[in-house]
Amino acid sequence: MNHQAALTSYIAAFVAELVKNGVENAVVSPGSRSTPMAMVMAEHPDLNIHIHVDERSAAFFALGLAKASKQPVVLLCTSGTAAANYFPAIVEAFYSRVPLIVLTADRPHELRDVGAPQAIDQIRLYGHHVKWFVEMAPPESSEEMIRYARTVCARAAAAAKRAPSGPVHLNFPFREPLIPLLDQEDLFLSHEREERYVKVQTGEYTLSQDEFAEIAETISKTENGIIICGPLEEEMFAGEVVKLAQKLKFPILADPLSQLRSGNHDGAFIIDTYDTILKNKKALQELQPEIVIRFGAMPVSKPLSIFLKEHAHARQLVIDGGAGWRDQGLVSTDMIYCHETLFCSELLPLLSENKNDTYFSLWRSLNEITRECLQEINQTESLSEGKLFAQLSKLLPNGSLLFVGNSMPIRDLDTFFHFNQKSFKVMANRGANGIDGVVSTALGAASITQPAYLIVGDLTFFHDLNGLIASKLYDINLTVLLINNNGGGIFSFLPQSEHPKNFERLFGTPLDIQFEHSIRMFGGHYNLIEDWTHLSSSLARSLENKGLNVLEITTNRDENVQEHRELTNAVSREISRFLEGEYR
């Protein structure tokens, strides 16, 4: 068999096995050395191919697809720096536990380290930021090598999905000629084991009944406990953790990415203003917990992280279905590797009901006071970043996907987005917390879930303008609420702001960009929002406009800082009055 025939058989076996292992989407960055894989993938009727010419944006687009679908997505590029441009998204996928199967084409071994073009060292290019790496054998068509291609594919898909999910990297050395032979009618037909070649089965992390009983006994000895839910996406988790809170009379401190701040579950035990509450010194003294039960990744809130660190004496249980080590404060006393929903459901029948709700009642009272104070922002007539997030549950339709940028947007979401019974899906790139690739990730997620909204600042939006092309190419509907405060708003809240000499040049970084031209270039609809009524009507119209809709909301950084500080101070005064017995 000649080279092209062997190349075709080898790659076709690999691609067929991808589909048999549940892969439905592939994002392809065009290039020469990846030609055989790209052409064969494009021939498979059950594989959706997305072409994206910018590798960095392509990788984040794949990340969004995988986040929303919860299935592995293939990412393919040519050799050289194309592969290096995937790195930021792979880092994000690793730390946020998103399954990607990264396929990089490479020069064959004889063209490495000899000055050949587009030849860089791609062996373990992504280091420890992938779960598994394989330098693939050069294509051959023997039965053994076809089995090899299929087996490695099955292992890669399983590794990407297995908890904790994450990226895997396969490096394919291809020799010329690179054109596969696609005229075979049975291109993807397997003559051996028609179904998947090898089925990899894995189970969920769990505990023995004795271990569950021991944990139940430990928890039942305490009355003053809190449940903390960080970023987590488990469909049945909300209902089970609420039942746990009800039985224990423990408040649930719910991060906005926990999927607990909206939905049909009971919100009575949801505490959604803890970030503001924990800025009050008297509250910190009164709210000392005896036990902490934590689920999911670390929450956004810095005051909460400090609170946990300052109460290292408390019993702190971290439940992680991905068997990681999510303990940035080094304060956990129990690291429990168990599926989060399973942990709650198995523990419930072993617990005695807590009859004392004094501690929970204090949290609830402070939460109600804080909510009421924070709602004052809705009286603001000017365009305000905080008010935007306070209004979201009213402005957006039920069932919306809400993707939020890092820096100030995710923190304003934490402060002002309170419990509601709309079924919002809230996402963000909180693995590495970067601003790169946010637009592309949101577009990838929007191709799976609709209606979709992205709230992002001007620097983050600018950082990934290239990503907007995906909306045009694939008719993806996405409404962007672009908060333009002409620079890095979060730095105004940090110690750097107290040193004004070079603050604007080094941290404020105003861009003075007229984004309308960029939006038009990508075929999008643009509106410069004038007031709140205009925002409401524009959001309603965006549901009728297909494709990209950008609503630019201009704000002032200095006014934003002042507004936040005045609100925080007002809340703190009311909390102090309540704790001192002076509250109305």
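Treat the numbers as computed from the prediction; the structure is a model and nothing was measured. (Residues numbered from 1 in each chain as written. Predicted model: local features only at pLDDT ≥ 70, side-chain atom pairs only at ≥ 80, totals over all residues. Heavy atoms only, no water.)

(A) Representation of the overall build of the protein chain within the structure. Within the protein chain, the regular secondary structure consists of 22 helices and 18 strands. For the protein chain, whose C-alpha radius of gyration is 26 Å, the value lies close to the compact-globule estimate of 25 Å for 584 residues. Considering only C-alpha atoms, the protein chain reaches an extent of 90 × 65 × 45 Å along its principal axes. For the protein chain, buried positions account for 56% of its 584 residues. Across the protein chain, every contact between residues at least 6 apart in sequence was considered, and the portion connecting residues at least 24 apart equals 78%. Working note: accessible area of the protein chain is about 24400 Å², and carbon and sulfur atoms make up 48% of it. Averaging the coordinates of the 52 positive side-chain charges in the protein chain and doing the same for the 72 negative ones gives two points 2 Å apart. (Helix = DSSP H or I, 4+ residues; strand = E, 2+ residues; numbered from the N terminus. Rg over C-alpha atoms; globule rule 2.2 N^0.38 Å. Buried < 20%, exposed > 50% of the residue type's maximum accessible area, 1.4 Å probe, protein only. Contact = heavy atoms within 4.5 Å. Areas by Shrake-Rupley, 256 points an atom, 1.4 Å probe, with all protein chains shown as cover. Lys, Arg positive; Asp, Glu negative; His and termini not counted. Charge placed at Lys NZ, Arg CZ, Asp CG, Glu CD.)

(B) The packing of helix α3 (residues 55-69) against helix α5 (residues 87-96), seen in detail. Here α3 crosses α5 at 25°, and the two axes come no closer than 7 Å. As summarised for this structure, α3 and α5 are arranged roughly parallel, according to the angle between their axes. Here α3 contributes A59, F60 and L63 to the contact with α5, which in turn contributes P88, A89, E92 and A93. Class assignment of the residues belonging to the contact of α3 with α5 gives a composition of six nonpolar, no polar and one charged. (Axes fitted to C-alpha atoms, helices over the stretch in contact; angles between N-to-C directions. Parallel < 35°, antiparallel > 145°, perpendicular 65-115°, else oblique. Nonpolar A, V, L, I, M, F, W, Y, C, P; charged D, E, K, R; others polar.)

(C) Local environment of the packing of aromatic side chains. Tallied over the full model, the rule gives 11 aromatic pairs. Ring pairing ties together the aromatic residues F212, F237, F295 and F343, which thus form one cluster. (Phe/Tyr/Trp six-rings, centres within 6.5 Å; stacked < 30°, edge-to-face > 60°.)

(D) A look at the environment of P303. Note on placement: P303 falls in helix α11 (residues 302-310). Given the relative accessible area of 17%, P303 is considered buried. When the C-alpha atoms of P303 and N280 are compared, they prove to be 9.9 Å apart, with 23 residues separating the residues in sequence. Contacts of P303, omitting those with residues within four sequence positions, involve D275, L278 and K279.

(E) How the structure looks around helix α15 (residues 408-416). Counting buried positions along α15 yields eight of nine residues, so the element is predominantly enclosed. M408, P409, I410, D412, L413, D414, T415 and F416 are the residues of α15 that are buried.

(F) Just a negative patch on the surface, in detail. Together, D210, E211, E214 and E217 make up a negatively charged patch on the protein surface. Looking at the element boundaries, D210 is found in helix α7 (residues 209-220). Accessibility expressed as a relative area gives 64% for D210, which makes it exposed. (Patch = residues over 30% accessible without salt bridge, like charges linked within 9 Å, V, L, I, M, F, W, Y side chains within 5 Å. Salt bridge = Lys/Arg side-chain N within 4 Å of Asp/Glu carboxyl O.)

(G) Seen up close, the side chain of T460. Looking at the element boundaries, T460 is found in helix α17 (residues 458-463). The class of T460 is buried, set by a relative accessible area of 5%. Apart from the residues within four sequence positions on either side, T460 is in contact with I435 and V438.

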